[in-house]
Amino acid sequence: MTGDELLSDEEWVFRRVPRESVPIREGRYQIHSEAFNDRWKKPSVDRAAMKSAVEAQMAPTDGICTLHVAVVRSITTVVHQGTNKPYQVDVLPRPIKAGNPENEPVNLAHSQVEVDPEFENASRFKKLKDALSRLAGERGWVIEPT
Amino acid sequence: MNYQSGGTEALLDTASRAMHSGVEGSASAELEDRWFAGAASRLRDISRNRITSAILKMRQRGDDWDGYGSLAHDLQSIFQAIDAVESFIDKVSANGLNWFDPNVGLDENGHVVLEWWNGDRRFTVYFVPDLPEFLCSWGPNIESQMHAGKLTSEEFLKKWRWLSTCDA
């Protein structure tokens, strides 16, 4: 795989969560909405078909949770007020290749949860983060933060 | 009710039952008035200090603290959140409701976020400029199971009642 291929509904993606974003309640690490923070409102994930959970960690203390692509794509029920069409939530391949302008490390498994059209207000993104954290929480951790 | 952390009022209920088992009638009421008012106040102080300390800890987060490009903490938002916690605890107490602590975090813009969970119900407050914003959710469907808006003083109590009456 080159990383450019569209993700199938059956694929799984990993989300890296820094340890400091993970509160402990009743002895368990919880996945809160902060786990899906993204300044550009496009949370990054890695394709499980192209990378192991351990490889998805940046630090050994990071937690790794997982999302099913079909379930993320099912978050499509919000209607855009301008066009009266539903927002389409998708997981799109965004491989980071050698020689990229930002000089980021190569990551062909890199993908993003994106919304079309882009959310016009911040509260929509807050809702998306809440939904993603709930869906990830249902599956639990692939690697618990330490 | 099944709160994610032990509520101070629940602790007081337990203590009250223990006290009533040995003291009866008007003596019990007097003892309760004198002892519990002070105890409840101290427990509120402990809670307030714990949350304030967690909010102040957010000052350690600089730019890109999470590796996803999030901005550093916003100092104005930190002060706003500390003031609000004081007011939230007082409101909850004055209305005879149970208080329990939120998770404290930051959003990608460096604004303080307080997030309470009770079973499927979540109540999240974002300390953005001007009025804080809230998000109430009870499932992952962002159209039919979530509600968001500006958080006024009256709105806080309504949302708290909604959160704390969940039979989780």
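Residues numbered from 1 in each chain as written. Chains lettered and ligands numbered in written order. Predicted model: local features only at pLDDT ≥ 70, side-chain atom pairs only at ≥ 80, totals over all residues.

Trainee: So what's going on with the overall build of chain B? Which residues, and what values?
Mentor: Regarding its fold elements, chain B presents four helices and five strands. Listed by position from the N terminus, the elements making up chain B come as α-α-α-β-β-β-β-β-α. When burial is assessed residue by residue, chain B has 34% of its 168 residues classed as buried. (Helix = DSSP H or I, 4+ residues; strand = E, 2+ residues; numbered from the N terminus. Buried ≥ 20, exposed ≤ 12 C-beta atoms within 10 Å, placed from the backbone.)

Trainee: Describe in detail the interface of chain A and chain B, supporting the description with residues and values.
Mentor: Listed by partner, the interface residues are 25 residues for chain A and 27 residues for chain B. The leading source of residues in the side of chain A that touches chain B is helix α3 (residues 122-139) of chain A, at eight residues. Split into classes, the residues belonging to the side of chain A that touches chain B amount to nine nonpolar, seven polar and nine charged. (Contact = placed C-beta atoms within 7 Å. Nonpolar A, V, L, I, M, F, W, Y, C, P; charged D, E, K, R; others polar.)

Trainee: Talk me through the sheet that holds strand β1 (residues 103-106) of chain B; I want residue IDs and the actual numbers.
Mentor: All names here are of chain B. With antiparallel pairing, the five strands of this open sheet are ordered in space as β1-β2-β3-β4-β5. Each edge of the sheet is formed by a strand with only one pairing partner; in this case those strands are β1 and β5 (146-150). Each adjacent strand pair in this sheet contributes to an overall mean axis angle of 20°, direction not counted. As judged from the four bridges shared by β1 and strand β2 (residues 112-118), these two strands associate in the antiparallel manner. Residue pairing across strands places G105 opposite V113, the latter belonging to β2. (Pairing = 2+ DSSP bridges. Axes fitted to C-alpha atoms, helices over the stretch in contact; angles between N-to-C directions.)

Trainee: Tell me about unusual backbone geometry, residues and numbers included.
Mentor: Glycine aside, a negative phi is what most residues show, and trans is what most peptide bonds show. Across the junction of D116 of chain A and P117 of chain A, the peptide omega takes the value -5°, indicating a cis bond. Despite not being glycine, N103 of chain A has its phi angle at roughly 60°, a positive value. By the C-beta count within 10 Å, which is 6 here, N103 of chain A ends up exposed. The phi angle at D130 of chain B is positive, at roughly 70°, despite the residue not being glycine. Its place among the elements puts D130 of chain B in the loop between β3 (121-126) and β4 (133-137). Given 7 C-beta atoms within a 10 Å radius, D130 of chain B is considered exposed.

Trainee: For the sheet that holds strand β5 (residues 63-68) of chain A, give the residues involved together with the corresponding values.
Mentor: Residue and element names in this part refer to chain A. The antiparallel open sheet is built from six strands, whose spatial order is β6-β7-β4-β1-β5-β8. Looking at the sheet topology across the chains shown, the edges are occupied by β6 (88-93) and β8 (141-143). Taken pair by pair, the neighbouring strands of this sheet meet at an average axis angle of 40°, ignoring direction. Two strands pair when backbone bridges link them, and β6 and strand β7 (residues 110-116) are joined in this way by six bridges, in the antiparallel orientation. Its bridge partner lying in β7, P93 is registered against S111. Strands β1 (12-17), β5, β6 and β7 of the sheet are contacted by α3, whose axis makes an angle of about 100° with β5.

Trainee: Which residues make up the environment of P60 of chain A, and what values do they have?
Mentor: All names here are of chain A. Checked against the element boundaries, P60 lands in the loop between α1 (53-56) and β5. Classification of P60 as exposed rests on a count of 10 C-beta atoms within 10 Å. Taking the C-alpha atoms as reference points, P60 and P145, 85 residues apart in sequence, are found 8.1 Å from one another.

Trainee: Got a sec to walk through helix α3 (residues 75-94) of chain B? Specific residues and values, please.
Mentor: Residue and element names in this part refer to chain B. Between its terminal C-alpha atoms α3 stretches 29 Å, which fits the 28 Å expected from 20 residues at 1.5 Å a residue. All buried positions along α3 are accounted for by S77, I78, Q80, A81, V85, F88 and V92. Within α3, the buried residues cover an arc of 150° as seen down the axis, which keeps them to one side. Facing away from the buried side of α3 by more than 90 degrees, the exposed set consists of L75, D83, S87 and A94. (Expected span 1.5 Å × (residues − 1). Arc of directions from axis to C-beta.)

Trainee: Give me the lowdown on the environment of D101 of chain B, citing residues and values where you can.
Mentor: Residue and element names in this part refer to chain B. Positionally, D101 belongs in the loop between α3 and β1. We classify D101 as buried; it has 21 C-beta atoms within 10 Å. Residues D101 and L114, spaced 13 residues apart in sequence, show a C-alpha to C-alpha distance of 9.0 Å.

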